[in-house]
Amino acid sequence: MLDKTYRPDEIEARQYDRWEAADAFAAHTGSNAVPYTIMMPPPNVTGSLHIGHALTFTIQDILIRYHRMLGRDALWQPGMDHAGIATQMVVERQLAEDGKTRHDLGREEFVKRVWQWKDESGGLIIRQLRRLGASADWAKERFTMDPGLSAAVRKVFVDLYKQKLIYRDKRLVNWDCKLHTAISDLEVEQREVKGHLWHFKYPIEGEEGRYIVVATTRPETMLGDTGVAVHPEDDRYENMVGKHAVLPLVGRRLPIVADDYADPEQGSGAVKMTPAHDFNDFEVGQRQSLEMVNIFDQDARLNDNVPEAYRGLDRYEARKRVVADLEAQGLVEKIDDHTHTVPYGDRSGVAIEPWLTDQWFVDAETLARPCIEAVEEGRTEFVPKQWENTYFAWMRDIQPWCVSRQLWWGHQIPAWYGPDGEIFVELAEEEAQAAAEAHYGKAVALERDPDVLDTWFSSALWPFSTIGWPEETPELARYYPGDVLVTGFDIIFFWVARMMMMGVHFMGDVPFRTVYIHALVRDEKGQKMSKSKGNILDPLVLIDEYGADAVRFTLAALAAQGRDIKLAEGRIAGYRNFATKIWNAARFCEMNGCAVPTGFAPESNAETVNRWIVSGVSRLGDRVAAAFEAYRFNEAAHELYHFIWHSYCDWYLEFAKPILQGEDQAAKAETKATAMWVLHRLLHLLQPLMPFLTEELWQTLGPKDSKPLISSAWPGTETSLLDDAAEAEMDWVIRLISEVRAVRSEMNVPPGARIPLMVRDVDAVSQARLGNHADVIRALARLDSVDSGDGAVPKGAVQSVIDGASLILPLSDVIDIDAERARLRREIDKLQAEIGKLDKKLANTSFLEKAPEHVVEEQRERKAEAERASAKLSDALERIASI
């Protein structure tokens, strides 16, 4: 027997353990079934579940569960990323508590300590994913530092190097001055800073008293200037191009060059060039053959490439000194207050320095070409399609990919240096030694490159390294390429594009056929969630409060393509109520002895109401399947919610009550069987979205000795179950009852009042329907009687129309018509006044410019809601005016 109350906290752990015990999540490599593969984006080993994770993993789990029920051999390949910087920082913080640094331990011992932390404390997020209901094939879980994946990483690096697609070069990188490593753009956060814009005068060589004015937000970098750029069509500087300015404080000659990068509309139109410390300047410097002068060390202190007075200064101290010295020379034209963005390391919290340094780079441009073609040709499709434009924009303007990091935790680069700096890249040190001996003609000492690879390098191999590559495993042959990748738009470039590059290059095919890009989860006002705003919703707290199924269903219901999710806790509470509604409906069926007898054939039902609900749930299955196939999870959730809450619970079970309480034994038996048969069908359809609740109900109310719902087949389309006539008939009954209920509500008819219904101009079909369902119409519409005769319309009656038939409700005996008319007018006037105020506010340009977007949207929604309410009351007033 089902408990009276639905308690998800008691159900969820029990059902998850049951699934795992039954090995229900496993893919079967030797199966004859068609494979279906999703590669789980590997969360960081240091991570914990946030609401964005909850969305992406819910969507993946819905797809896996749905395709598993379709009979596909579904592999959801799980795993974790070693998260180089994040993990190293965790362990370094632990060491700092003991007054130590990683250098006190040495590299080998430090790496051992990281592995120890990983084994003891890492992987919390994997345990949290189980709370969400994730049905990944945990037995196949991988880690990007596993021996097999590490072998794949080494092979890819060596192969790309020997194909001249990986090389060592001196280029600008994002340098973290605290962590002493290059970092990726994704690890950089842009912060808005209130600073200054300094305008400096650079003397023109040989022309005393003549200057060219440049502006900068970073005065200290002027010590590394090696040129000045102006636009080739800027007439102001036409006669300066080809001349030289003299760099103050340093004396370096700066060629004045013409380059399209300079914007005549910005500032003076002349731009100082610091190629070693600005990414744009670096590109100009390469085009114009400008000198690269690196003025910082790894701590962002000034080095020996600057005048002695500035050497060893911190960059911010140097800034003050440079400005003061230029002011003393009369070379500061003006200083403006200036708000601008500054890049900060998201881990270290310090400003990032573009730094010229020797690093390893991948020739991403060459690898990107066939990947662009793959999407152009439709071998990989993006959903929604507009994200292809973002992919193309990045791929067509791709820069060399810096893959080296100055860390200890990660895949150490398989490169060794000879005594003269010659590089030997091999899979193992023994092979490097052999290559060096062949090169030098004798054995020499080699020193291994201390750097490790960018975390994105190893995760770029995820779709094939996790299933055995470079070995030719059965899993590799069966599960590559994957069917779909589910991810957020923010890593289309960092991960999606790089998986494409590696997959196409090493496997000869794209890594996935579809890329589904989901939106961001924002707060209920549309604002990005952040700790500083205090608007973060923790999915684990929400699961504790409302259950995993309610959280999952909410995320799915809000996951409309191309639109960010505005998540309000009230929505989750609402879908918890939905789960409770299903539970109560199941209890109703159980308490009324509903069961599906052996041999039950729903297509042979005699009762119209039973034929209607069977036909409806059959069509529902097709709509839900179509929504899943099109990645329209919100539509699938809407269809299920509407049918279960309204068609099944609110209407069918109410229609069924008189039958279940009646004396017609055949109708009663048929209805008991149908009610449970439809419930079983609904549990199947709902299972991908609300797996815990549906499994619990199936276990209790499903056929005896049936296999778990997770392993059951998706209901197929059976045309014999469809009944257009029954659907049309019951739809008419529902609309009639709903219309009467609407009139009662609009006219403030007391809930307990029983009123008569007169139906006029009714055709033969509707007459038959009235006769068949008069009792249930009277009960559910709270009617005293239903009359379809030809009598005159009494005074004080409200009229409505349904399919040509007039519905007449005499109300003068139950409401005060004049008072009701006055009430409606007052309420309409009040709403119109509110609409007028909102119109005025929304027409105010100042309000639209200054108010946050979510506030403007709230005002628009308030106006629309008031307009809907006003229209509804106006309809009611029109009805009452006819009395």
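Residues numbered from 1 in each chain as written. Predicted model: local features only at pLDDT ≥ 70, side-chain atom pairs only at ≥ 80, totals over all residues. Heavy atoms only, no water.

**Digging into the sheet that holds strand β29 (residues 805-810)**
Next up, step 1: What the four strands build is an open sheet, ordered β27-β26-β29-β28; its pairing is mixed. Strands with a single pairing partner mark the edges of an open sheet, and in this sheet they are β27 (783-787) and β28 (797-802). Neighbour-to-neighbour, the strand axes of this sheet turn through a mean angle of 20°, independent of strand direction.
Next up, step 2: Relative to β29, β28 runs antiparallel, the two being bridged by six bridges. Looking at the pairing, glutamine 799 lines up with isoleucine 808 of β29.
Next up, step 3: Along the sheet, helix α24 (residues 724-746) contacts β26 (755-760), β27, β28 and β29; its crossing angle with β28, the most-contacted strand, is approximately 150°.
Next up, step 4: On top of the sheet, helix α25 (residues 764-781) reaches β26 and β27; it is set at about 155° to β27, its chief contact. (Pairing = 2+ DSSP bridges. Helix = DSSP H or I, 4+ residues; strand = E, 2+ residues; numbered from the N terminus. Axes fitted to C-alpha atoms, helices over the stretch in contact; angles between N-to-C directions. Contact = heavy atoms within 4.5 Å.)

**Things to note about the nonpolar core**
Next up, step 1: Grouped together as the largest cluster of nonpolar side chains are 163 residues, with contacts concentrated most on Leu567, Trp612, Tyr648 and Phe655.
Next up, step 2: Looking at this core element by element, the count peaks at 15 residues for helix α21 (residues 633-660).
Next up, step 3: Within the second largest apolar cluster, 62 residues are counted, among which are Leu149, Ala368, Leu485 and Phe494. (Core = buried A, V, L, I, M, F, W, Y, C linked by side-chain atoms within 4.5 Å. Buried < 20%, exposed > 50% of the residue type's maximum accessible area, 1.4 Å probe, protein only.)

**Points about the environment of isoleucine 398**
Next up, step 1: Position of isoleucine 398 among the secondary structure elements: in the loop between α11 (387-396) and β16 (401-402).
Next up, step 2: In this structure, the C-alpha to C-alpha distance between isoleucine 398 and tyrosine 36, residues 362 residues apart in sequence, is 32 Å.
Next up, step 3: Other than its neighbours up to four places away in sequence, isoleucine 398 contacts Ala364, Glu365, Ala368, Phe493 and Met501.

**What about a negative patch on the surface?**
Next up, step 1: On the surface, a cluster of negative charge is made up of Glu233, Asp235, Glu238 and Asp260.
Next up, step 2: Among the structural elements, glutamate 238 can be located in the loop between β9 (227-230) and β10 (244-246). (Patch = residues over 30% accessible without salt bridge, like charges linked within 9 Å, V, L, I, M, F, W, Y side chains within 5 Å. Areas by Shrake-Rupley, 256 points an atom, 1.4 Å probe, with all protein chains shown as cover. Salt bridge = Lys/Arg side-chain N within 4 Å of Asp/Glu carboxyl O. Lys, Arg positive; Asp, Glu negative; His and termini not counted. Charge placed at Lys NZ, Arg CZ, Asp CG, Glu CD.)

**Points about the packing of aromatic side chains**
Next up, step 1: According to the stated counting rule, one finds 40 aromatic pairs in the structure shown.
Next up, step 2: Ring centres of phenylalanine 382 and tyrosine 391 lie 5.2 Å apart, and the angle between their planes is 45°; this geometry places the pair in the tilted category.
Next up, step 3: Residue classification places phenylalanine 382 among the buried residues on the basis of a relative accessible area of 4%.
Next up, step 4: Members of the aromatic cluster, each reached through a chain of ring pairs, are Phe157, Tyr161, Trp360, Trp401 and Phe457.
Next up, step 5: In this arrangement the basic side chain of arginine 191 is found over the ring face of tyrosine 344, its NZ or CZ atom lying 4.1 Å from the centre.
Next up, step 6: Across from the ring centre of tryptophan 401, 4.2 Å away, lies the NZ or CZ of arginine 498, which sits over that ring. (Phe/Tyr/Trp six-rings, centres within 6.5 Å; stacked < 30°, edge-to-face > 60°. Lys NZ or Arg CZ within 6 Å of the ring centre and 35° of its normal.)

**Overview of the sheet that holds strand β11 (residues 253-258)**
Next up, step 1: Spatially, the four strands line up as an open sheet ordered β10-β11-β9-β12, and their pairing is mixed. Every other strand in the sheet has two partners, leaving β10 and β12 (270-273) as the edge strands with one partner each. Averaged over all pairs of adjacent strands, the angle between their axes in this sheet comes to 30°, without regard to strand direction.
Next up, step 2: Inspection of the sheet shows β10 paired to β11 by three bridges, in the antiparallel sense. Paired with histidine 244 across the bridge in β11 is proline 255.

**Comments concerning helix α22 (residues 665-686)**
Next up, step 1: Given a rise of 1.5 Å per residue, 22 residues ought to cover 32 Å, and the 31 Å separating the end C-alpha atoms of α22 matches this to within 8%.
Next up, step 2: For α22, a buried count of 18 out of 22 residues is recorded, marking the element as mostly surrounded by other parts of the structure.
Next up, step 3: For α22, the N-terminal capping position is held by aspartate 664, with its side-chain oxygen 3.2 Å away from the main-chain nitrogen of alanine 666. (Expected span 1.5 Å × (residues − 1). Polar contact = N/O pair within 3.5 Å; in protein donor to acceptor, adjacent residues only side chain to side chain.)

**Focus: the side chain of serine 184**
Next up, step 1: By secondary structure assignment, the location of serine 184 is in the loop between β6 (181-183) and β7 (188-203).
Next up, step 2: Given a relative accessible area of 6%, serine 184 falls into the buried group.
Next up, step 3: Apart from residues no more than four positions distant in its own chain, serine 184 is found in contact with Asn174, Arg405 and Trp456.

**Comments concerning unusual backbone geometry**
Backbone phi values are negative for most residues with the exception of glycine, while trans is the configuration of most peptide bonds.
Next up, step 1: In this chain, tryptophan 469 is followed by proline 470 through a cis amide linkage whose omega measures 15°.
Next up, step 2: Tracing the chain through its elements places proline 470 in the loop between α14 (462-465) and α15 (474-479).
Next up, step 3: Look at the link from tyrosine 480 to proline 481: it is a cis peptide, with omega at 0°.
Next up, step 4: With a phi angle near 60°, asparagine 748 is a residue other than glycine that sits in the positive phi range.
Next up, step 5: Following the sequence through the fold, asparagine 748 ends up in the loop between α24 and β26.
Next up, step 6: Residue class for asparagine 748 comes out partly exposed when judged on its relative accessible area of 43%.

**Describing the pattern of salt bridges**
Next up, step 1: Inspection of the entire model under this criterion finds 53 salt bridges.
Next up, step 2: Across the pair aspartate 159 and lysine 155 runs a salt bridge, and its minimum N-O distance is 3.0 Å. Taken as a pair, aspartate 159 and lysine 155 lie in helix α7 (residues 147-162) at a separation of four residues, close to a single helical turn.
Next up, step 3: A salt bridge links arginine 619 to aspartate 724, with the nearest nitrogen and oxygen atoms 2.4 Å apart. A residue pair is termed long-range when its members are at least 10 positions apart, and arginine 619 in helix α20 (residues 608-629) and aspartate 724 in helix α24 qualify at 105 residues.
Next up, step 4: Accessibility expressed as a relative area gives 25% for arginine 619, which makes it partly exposed.
Next up, step 5: Each of the salt bridges in this network shares a partner with another, and the network as a whole consists of Arg218, Glu220, Arg315, Arg319 and Glu353.

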